[in-house]
Amino acid sequence: MSYALLASTRYDPFLTSCVWNNDIDGPSPYLLLHYQADRLIASAALHDKTFRHGTTLSNVKALCDKVVREHNDSRGETALKVRVVLNPSGELSATATPVKAFTSDPTLPSLFNPLTNVPPTPVLIIHIDSQPTSDTVSLKTTDRRAYDDARIRVGLQPVGSLDPPAGDAPDDVILYNTRNAVTESSVCNVAFYRNRRWVTPPLAAGCISGVLRRWLIEQHRIFEAVEDELTLDSIKDDEWVLVSNGVIGCQLGRIKLHTSTETGDYAKD
């Protein structure tokens, strides 16, 4: 197998004040780590002839604790992105990089009502990819070629690259499949405001089963769309989009569309 299973979580002491983030041990500084472990275990079970079993919340947490101690200050106050990799051999490994600490509940943007609320700042600029992507799956893996290709097409660098983006690059790009159904962004699950609620593409469209996506659905903050409900034709310029993942939490963006006069395809500004 050419890829490993991946879980990207966040260590942030602020999260211990968020009761919804508690796990079986009580307040947790890791963003929905119990959901991350659940997804790793379920994904490994789908490949039981390749991935060895034995992954548990306790050993994922122990690994995260170890890498946090290695990369943090003596008081453990630095927020970190923690990247956990499960190889086909069953070996777990992790790396950590600093991120800006949370100062408020990272799920609050999911309560935003575009029809009645004052627009927040800052707001992400989100473009639509210029061509469909057909090889994305609901598993989160180390194979990011489809996502990196989409990022490059709008002037962004692959995730992890130290090279700067193009001057006119957006903050992120949304992918769609060969049926023109929206799937996800290059790093996040997405939701659009439809009929007075946030609607997210179904897993059948080809999006990753994000841990925060799961939590938002369970909490009735977002709702899964029917298949092909969210298509390119339904997306309007400047409309709101809610993006989410297990590192950044929830953020709000606005769609910036540009249609090529030569091809009629969606492309970046």
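This write-up is about the structure you can find in this document. In this text, all values refer to a predicted model and were calculated from it rather than measured experimentally.

1. As for the environment of Pro109
Here Pro109 is to be found in the loop between strand E3 (92-98) and strand E4 (124-128). Placed 133 residues apart in sequence, Pro109 and Leu242 show a C-alpha to C-alpha distance of 7.5 Å.

2. Comments concerning the sheet that holds strand E7 (residues 189-194)
Here we have eight strands laid out as an open sheet, ordered E6-E5-E4-E11-E10-E7-E8-E9, and mixed in their pairing. Bordering the open sheet on either side are strand E6 (182-185) and strand E9 (222-224), each of which pairs with just one other strand. Between one strand axis and the next, the sheet turns by 40° as a mean value, whatever way the strands run. Two strands pair when backbone bridges link them, and strand E8 (residues 197-200) and E9 are joined in this way by three bridges, in the parallel orientation. Its bridge partner lying in E9, Trp198 is registered against Ile222. Sheet contacts for helix H3 (residues 145-153): strand E5 (172-176) and E6; angle to E5, the most-contacted strand, approximately 120°.

3. Digging into the packing of helix H1 (residues 33-46) against helix H2 (residues 57-71)
Viewed as axis vectors pointing N to C, H1 and H2 meet at an angle of 120°, and their least axial separation amounts to 9 Å. The pairing of H1 with H2 is recorded here as oblique in orientation. Crossing handedness for the pair H1 and H2: right-handed. For the pair formed by H1 and H2, the contact residues are Leu33, His34, Ala37 and Leu40 on the first element and Leu57, Val60, Lys61 and Cys64 on the second.

4. Some words on the nonpolar core
Among the nonpolar cores identified, the biggest contains 21 residues, and Leu40, Cys64, Val68, Val82 and Val84 are the most heavily contacted of them. Those elements giving two or more residues to this core turn out to be strand E1 (5-11), H1, H2 and strand E2 (80-86). In terms of residue count, the dominant contributor to this core is H2 (six residues). Not counting residues within four places of it along the chain, the set of residues in contact with Val68 comprises Tyr11, Tyr30, Leu80 and Val82.

5. Some remarks on unusual backbone geometry
Look at the link from Thr121 to Pro122: it is a cis peptide, with omega at -10°. Within the element layout of this structure, Pro122 appears in the loop between E3 and E4. Phi at Asn180 takes a positive value of approximately 65°, unusual for a residue other than glycine. Looking at the secondary structure, you find Asn180 in the loop between E5 and E6.

Cut-off values and rules
- Numbers given to residues run from 1 along each chain, matching the order in which its sequence is written.
- Where local features are concerned, this predicted model is filtered to residues with pLDDT of at least 70; where side-chain atom pairs are given and counted, the filter is 80 or more; whole-chain, interface and lining totals use all residues.
- Hydrogen atoms and water are omitted, and side-chain values are computed over all heavy atoms in the structure.
- In DSSP terms, a helix is any run of H or I states spanning at least four residues, a strand is any run of E spanning at least two, and both are numbered starting from the N terminus.
- Strands were regarded as paired on the criterion that DSSP finds at least two bridges between them.
- Angles run from 0 to 180 degrees between N-to-C directions of axes, and those axes are lines fitted to C-alpha atoms, restricted for helices to the stretch in contact.
- We call two residues in contact whenever any of their non-hydrogen atoms come within 4.5 Å of each other.
- Roughly parallel refers to an angle under 35 degrees, roughly antiparallel to one over 145, roughly perpendicular to one between 65 and 115, and oblique to any angle outside these ranges.
- Handedness of a crossing follows from how the near helix is turned relative to the far one, being left-handed for an anticlockwise turn of less than a right angle and right-handed for a clockwise one.
- Working definition of a nonpolar core: buried Ala, Val, Leu, Ile, Met, Phe, Trp, Tyr and Cys residues. They are joined through side-chain atoms within 4.5 Å.
- Throughout this description, buried means an accessible area under 20% of the type-specific maximum (1.4 Å probe, protein chains only), exposed means over 50%, and partly exposed covers the range between.

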